[in-house]
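One letter stands for each residue in the lines below.
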Amino acid sequence: MTGAAVSALPRADITWITDHPPSARAATTDGRMVYAIGDIHGCYTQLVALIEEIVADIARTGEGRSASLIFMGDYVDRGADSAKVLDALVWMKRQAPFDVVFLRGNHEAMLLQFLERPNRALPWLEHDGIGTLASYGVAAGPEDDCFQLRDRLLDAMPAAHLELLRGLPVRVIRGTYVFVHAGLRPGVALARQSDEDCLWIRDEFLRRDCRFEKIVVHGHSWRSELPEVTDHRIGIDTGVYATGVLTAVRLDGAEIAFVQARLDPDRDAAANRAPSADGMGS
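Residues numbered from 1 in each chain as written. Predicted model: local features only at pLDDT ≥ 70, side-chain atom pairs only at ≥ 80, totals over all residues. Heavy atoms only, no water.

Asker: Tell me what's going on with the sheet that holds strand 3 (residues 67-71), and back it up with residues and numbers.
Answerer: Taken in spatial order, the 6 strands of this open sheet run 1-11-10-2-3-4, and their pairing is mixed. Each edge of the open sheet carries a strand with a single partner, namely strand 1 (13-17) and strand 4 (99-102). Strand after strand, the sheet turns through a mean of 20° between neighbouring axes, direction not considered. Strands in contact with helix 2 (residues 44-61) are strand 1, strand 2 (33-37), strand 3, strand 10 (245-252) and strand 11 (255-262); relative to strand 2, the strand with the most contacts, it is inclined by about 175°. (Pairing = 2+ DSSP bridges. Helix = DSSP H or I, 4+ residues; strand = E, 2+ residues; numbered from the N terminus. Axes fitted to C-alpha atoms, helices over the stretch in contact; angles between N-to-C directions. Contact = heavy atoms within 4.5 Å.)

Right, dumping it as C-alpha cells:
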C-alpha cells in the first residue's frame, strides 16, 4: 500500500450514513471507537479507499481515544485482487497505529482446506478458487491436477499471507458487540457456538431476529448495497464484488454510522467480477 500504488488506482467514492438511529439496546464499546469492514472479496480499490477514510475519521473524531478496526472475513475470491487484499491486510497488521483484528470467513476456510487437502476442496477450486490463484499469477490449465495447483500457489504465496490466514480468529467481542463472519445459531449460548455456524450459518440466523448476549455484527449475507440493522444484529456485507460498494460500520457506544466506498463495476471491470451463480451471500 505504497503511495505510488494507491495513487495509480481508480478512485472509489466515499459516502457516510450518519443519520442512523442509535442501537435499540443498551450498548457500549468500552469507551473506544470501533469500526468493522464487511466482506472484501478481492476488491482492493474499495478497501484502500475505506481504510484511508477510517484512518482520517479516527484523526478527526477520535479525540485521543483508542480505536479498533475489525475485518469481518472473506478477503479472497470473486474479486480480481485477492493477493493484493492480503498484502494490504499484512501491511495493516504490521503498521496500523490502532488495534486491528482480522476474522476468518468461510472463503478463508475453503482456501486453507485447499492448501491442506486440495482433493477435498475441488468445489471451491472450480467455483471461486481459479480467480484467487490467478491473482497470485497461478494459471490453472486443463492438465493441472489439484495437488500441482496447490504446490504452485504455495510457491507464489508470500509466507506472511499464509501466516495471516492460519491465525484468523472466528469471533471477537468489543463491549456489548460480538463480531463474527456469518452469524450465530439461535438458542445457543455465545460460548457454545460452533466455528462451523460462525463461518457458514445463513437462513437460521437471518430469519429469526434472536436476542443473543451481545449485539451481533456480521457479514456473509447481503441483499443490496445497503447495510441491515435490527434490534439484535448489524449486517455489513453489501456484495461489493457485484454492487461495487464496500461498507464499514462505526460504533461509538450506542451510536451507529456507516461509511461506504463505491466503485461502479462498469467503470472498472478489473476491480469487480460478476456475482457467482448462488446470487446472494458470500
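Asker: So, the packing of helix 4 (residues 106-116) against helix 6 (residues 146-156): which residues are in play, and what are the values?
Answerer: In contact at an axis separation of 9 Å, helix 4 and helix 6 are set at 110° when each is read in the N-to-C sense. Relative to helix 6, the element helix 4 is oriented roughly perpendicular. Between helix 4, through Leu-111, Phe-114, Leu-115 and Glu-116, and helix 6, the contact on the second element is made entirely by Cys-146, Leu-149, Arg-150, Leu-153 and Leu-154. (Parallel < 35°, antiparallel > 145°, perpendicular 65-115°, else oblique.)

Asker: Lay out the pattern of salt bridges in plain terms, naming residues and giving numbers.
Answerer: A complete count under the given rule lists 16 salt bridges for this structure. The partner of Asp-99 in a salt bridge is Arg-174, and the shortest N-O contact between them spans 2.9 Å. Of this pair, Asp-99 sits in strand 4 while Arg-174 sits in strand 5 (residues 171-174), placing them 75 residues apart in sequence. Ionic contacts of the salt-bridge type, sharing partners, join the residues Glu-53, Asp-57, Arg-60 and Arg-250 into one network. (Salt bridge = Lys/Arg side-chain N within 4 Å of Asp/Glu carboxyl O.)

Asker: A description of the nonpolar core should follow, citing residues and the corresponding values.
Answerer: What tends to happen in soluble globular proteins is that the nonpolar side chains get buried as a cluster. One finds Ile-37, Leu-47, Phe-71, Tyr-75, Leu-89, Phe-102 and Phe-114 to be the most contacted residues of the largest nonpolar core, which totals 57 residues. Top contributing element to this core by residue count: helix 2, with 8 residues. Each residue touching Ile-37, except ones within four places of it in the same chain, is listed here: Leu-47, Leu-50, Ile-51, Ile-54, Leu-69, Ile-70, Phe-71, Met-72, Ile-236, Leu-246, Thr-247 and Ala-248. (Core = buried A, V, L, I, M, F, W, Y, C linked by side-chain atoms within 4.5 Å. Buried < 20%, exposed > 50% of the residue type's maximum accessible area, 1.4 Å probe, protein only.)

Asker: So what's going on with unusual backbone geometry? Which residues, and what values?
Answerer: Both trends apply: most residues other than glycine have a negative phi, and most peptide bonds are in trans. Positive phi, close to 60°, is recorded for Asp-74, a residue that is not glycine. Structurally, Asp-74 is set in the loop between strand 3 and helix 3 (82-95). Using a relative accessible area of 0% as the deciding quantity, one classes Asp-74 as buried. The backbone of Arg-78 shows a phi angle near 75°, a positive value even though the residue is not glycine. With respect to the helices and strands, Arg-78 occurs in the loop between strand 3 and helix 3. When its relative accessible area of 4% is taken as the criterion, Arg-78 is described as buried.

Asker: Just give me the short version of helix 6, but keep the residues and values in it.
Answerer: When we look at burial in helix 6, the residues that qualify are Cys-146, Leu-149, Arg-150 and Leu-153. Projected down its long axis, helix 6 shows its buried positions confined to an angular sector of 100°, all on one face. Where the residues of helix 6 are buried, they touch helix 4 and helix 5 (122-135). Sitting at the amino-terminal end of helix 6 is Asp-145, which places a side-chain oxygen 3.0 Å from the backbone nitrogen of Phe-147. (Arc of directions from axis to C-beta. Polar contact = N/O pair within 3.5 Å; in protein donor to acceptor, adjacent residues only side chain to side chain.)

Asker: Account for the pairing of strand 6 (residues 177-180), with residues named and values stated.
Answerer: Judged by which residues are buried, strand 6 turns out to be covered on both faces: Tyr-177 and Phe-179 on one side and Val-178 and Val-180 on the other are all buried. Summarising the sheet, strand 5 and strand 6 pair through 4 bridges and their orientation is antiparallel. By the bridge assignment, Ile-173 is partnered in strand 6 with Val-178. Counting the residues that bridge the hairpin from strand 5 to strand 6 gives 2 residues, and of these Gly-175 lies at a positive phi of roughly 65°. In terms of strand pairing, strand 6 meets strand 7 (residues 215-218) through 4 bridges, oriented parallel. What sits directly across from Tyr-177, in strand 7, is Ile-215.

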